[in-house]
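The chain contents come next:
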Amino acid sequence: MAVSFEDLHAESGLKALEDFLAGKTYVSGDHLTKDDIKVYAALSGKPDGAYPNASRWYDGVSSHLAASFPGKAAGVRIGGSAAAAAPAAAAAVEPAEAAEADDDDLDLFGDETEEDKKAAEEREASVKASAKKKESGKSSVLLDVKPWDDETDMKKLEEIVRSIEMPGLLWGASKLVPVGYGIKKMTIMMTIVDDLVSVDSLIEEQLTVEPASEYIQSCDIVAFNKI
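Because the structure is a prediction, the values reported are computed rather than measured.

**Describing the nonpolar core**
Then, number 1: Core analysis: the largest hydrophobic core is formed by 22 residues, its most contacted members being L143, V145, V161, W171, M190 and L207.
Then, number 2: Setting aside residues no more than four positions away along its own chain, V145 makes contact with L157, V161, K185, M186, I188, I216, S218 and C219.
Then, number 3: Judged by nonpolar contacts, the second largest core, of 19 residues, contains V27, L43, Y51 and V61.

Here it is as structure tokens:
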């Protein structure tokens, strides 16, 4: 770099910096790097109006530092003892240079690492799952299960119904109720977790398809109550 850090307290050093920054946003071009931080820390303060390029550059670096180190970079004196944020930010890029020599960009914004992002996502998922678990209610449902005719084995019909298992479903008491012409239907209670079990899907996809449909002609929801 053409600017010497040691002479920035002298007028000649400020003039060199002013000329060097003509047409540039930052010392190394369009991106803030450790060179900007080092020059910034070497200055005793913001260059005055006689050095418009240096003054503009100084404001830009100050804004980056203020955003990256709230309460530390803004409003502090850069001089004999430079602001802690400036040399700390410059030193922070040294390990990165050792790993990747051509990476001059300076991460002043505390970007999350992949591990940080993963941990944050896991925490968010855990909070959502916990909230969902608290909001999930239960319902008590009474079903009418009707056989095909009076020759249907009702004991087998009940076994078929109770053999259906899924998370959030608990079968309860049942009884046979005469409906006429020697035919009996079975009424059965069940308790469900609302977020896990859809009664309509249970009927359409489990109770009225084979093998259950060999015994069950139809099912009706008689009562549906939140617990």
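And the narrative resumes.
**A few points about the confidence of the model for the chain**
Then, number 1: When pLDDT is averaged across the chain, the result is 78; 74% of the residues are at 70 or more.
Then, number 2: Within the model, the stretch residues 72-84 combines pLDDT values under 50 with 22 contacts to residues more than four positions away or in other chains.

**With respect to the sheet that holds strand β3 (residues 183-193)**
Strand pairing within a sheet occurs via backbone hydrogen bonds; the two strands may be parallel or antiparallel.
Then, number 1: Reading across from one edge, β2-β3-β1-β4 is the order of the four strands in this open sheet, with antiparallel pairing throughout. Of all strands in the sheet, those bounded by a partner on one side alone are β2 (169-180) and β4 (216-226). Across the sheet, the mean angle separating the axes of adjacent strands is 20° when strand polarity is ignored.
Then, number 2: Strand direction decides the pairing type here: strand β1 (residues 138-147) and β3, joined by eight bridges, are antiparallel. When the sheet's bridge partners are listed, D144 is paired in β3 with T187.
Then, number 3: Across the sheet, helix α7 (residues 154-162) is in contact with β1, β2, β3 and β4; its angle to β3 comes to roughly 15°.

**Observations regarding the pairing of β3**
Then, number 1: Strand direction decides the pairing type here: β2 and β3, joined by nine bridges, are antiparallel. Directly across from L169, in β3, lies its bridge partner I192.
Then, number 2: A loop of two residues connects β2 with β3, the two strands running antiparallel in sequence, and Y181 in this loop sits at a positive phi of about 55°.

The rules behind the values
Numbers given for residues are sequential positions, taken from 1 along each chain in its written order. Side-chain atom pairs in this predicted model are given and counted only at pLDDT of 80 or more, local residue features only at pLDDT of at least 70, and totals for whole chains, interfaces and linings cover all residues. Processing note: side-chain calculations cover all non-hydrogen atoms of the structure and skip hydrogens and water entirely. To form a nonpolar core, buried Ala, Val, Leu, Ile, Met, Phe, Trp, Tyr and Cys residues must be joined to one another through side-chain atoms within 4.5 Å. When accessible area is computed with a 1.4 Å probe and restricted to protein chains, residues below 20% of their type maximum are described as buried, those above 50% as exposed, and intermediate ones as partly exposed. When checking whether two residues touch, look at their non-hydrogen atoms; a contact exists if any pair is within 4.5 Å. For every residue, the pLDDT score states the predictor's confidence, bounded by 0 at the bottom and 100 at the top. One bridge is not enough; two strands pair if DSSP finds at least two bridges between them. Strands here mean DSSP runs of E at least two residues long; helices mean DSSP runs of H or I at least four residues long; both are numbered from the N terminus. Angular values range over 0 to 180 degrees, each being the angle between N-to-C directions of two axes fitted as lines to C-alpha atoms, with helices fitted over their stretch in contact.

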